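Overview (structure and organization)
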Amino acid sequence: MMLSGLKHQNVVSFVGFCDENKEKILICKYEAKGSLDRYLSDPVTLTWTRRLHICLDIARALGYIVISKALVVY
């Protein structure tokens, strides 16, 4: 299974990529709630509780990827 075929609430779906000349672009599915960096860059809403939830969600997503035995290129 390829990473693009994974379906999980904490994994962004990849649509495709571009590797032309010296440009490399990943094309991801649009996420209505925005990207993780939006949450990480706002010190007002980034409480320790929120940080813990983010860490747990990331751990769940990584666990899902490992269990699914997806072909992942790091």
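Look up: the structure comes first, before these words.
Every chain is numbered on its own, with residues counted from 1 as its sequence reads. This being a predicted model, a pLDDT of at least 70 is required before a residue's local features are given, and a value of 80 or more before pairs of side-chain atoms are given or counted; all residues contribute to the totals for chains, interfaces and linings. By convention in this description, side-chain values take in all heavy atoms of the structure and omit both hydrogens and water.

1. Some details on the overall build of the protein
Our working definition: The numbering of helices and of strands both runs from the N terminus, where a helix is a DSSP run of H or I of at least 4 residues and a strand a run of E of at least 2. Note on exposure labels: buried denotes an accessible area under 20% of the residue type's maximum, exposed denotes more than 50%, and partly exposed covers the range between, all computed with a 1.4 Å probe on protein chains only. Note on definitions: a residue-residue contact is assigned when non-hydrogen atoms from the two residues lie within 4.5 Å. Only the protein chains shown count as cover for residues, and all accessible areas are computed by the Shrake-Rupley method using a 1.4 Å probe.
The secondary structure content of the protein amounts to two helices and two strands. Ordering the α and β elements of the protein from the N terminus gives β-β-α-α. For the protein, buried positions account for 12% of its 74 residues. Of the contacts formed within the protein by residues at least 6 apart in sequence, a portion of 42% connects residues at least 24 apart. Entry remark: accessible area of the protein is about 6,500 Å², with carbon and sulfur atoms responsible for 64%.

2. Digging into the pairing of strand β2 (residues 23-28)
Short version of the rule: By the convention used here, strands pair only if DSSP detects at least 2 bridges between them.
Of all six residues in β2, zero are buried, a share of ten percent or less. The sheet contact formed by strand β1 (residues 14-20) and β2 spans six bridges and is antiparallel. Its bridge partner lying in β2, Cys 18 is registered against Ile 25. The hairpin turn running from β1 into β2, its antiparallel successor, is two residues long, and Asn 21 in that turn takes a positive phi close to 50°.

3. Let's talk about the pattern of salt bridges
Worth spelling out the cut-off: Salt bridges are defined by distance alone: a side-chain nitrogen of Lys or Arg within 4 Å of a carboxyl oxygen of Asp or Glu.
Within this structure, the stated rule accounts for two salt bridges. Asp 19 is paired through a salt bridge with Lys 24; the nearest N and O atoms lie 3.2 Å apart. On the basis of relative accessibility, which here comes to 48%, the residue Asp 19 falls in the partly exposed class. Note that Asp 57 is salt-bridged to Arg 60, the shortest N-O span being 3.1 Å. Taken together, the positions of Asp 57 and Arg 60, both in helix α2 (residues 48-68) and three residues apart, correspond to about one turn of that helix. What makes Asp 57 partly exposed here is its relative accessible area of 26%.

4. Quick word on a nonpolar patch on the surface
Put simply, the test is: Excluding any residue in a salt bridge, patches collect residues exceeding 30% relative accessible area, merging like charges within 9 Å and nonpolar Val, Leu, Ile, Met, Phe, Trp and Tyr side chains within 5 Å.
A grouping of Leu 36, Leu 40, Ile 58 and Leu 62 is seen on the molecular surface, where their side chains present a nonpolar patch of about 340 Å² in accessible area. Mapped onto the nonpolar patch, the elements with two or more residues apiece are α1 (36-40) and α2. Here Leu 36 is to be found in helix α1.

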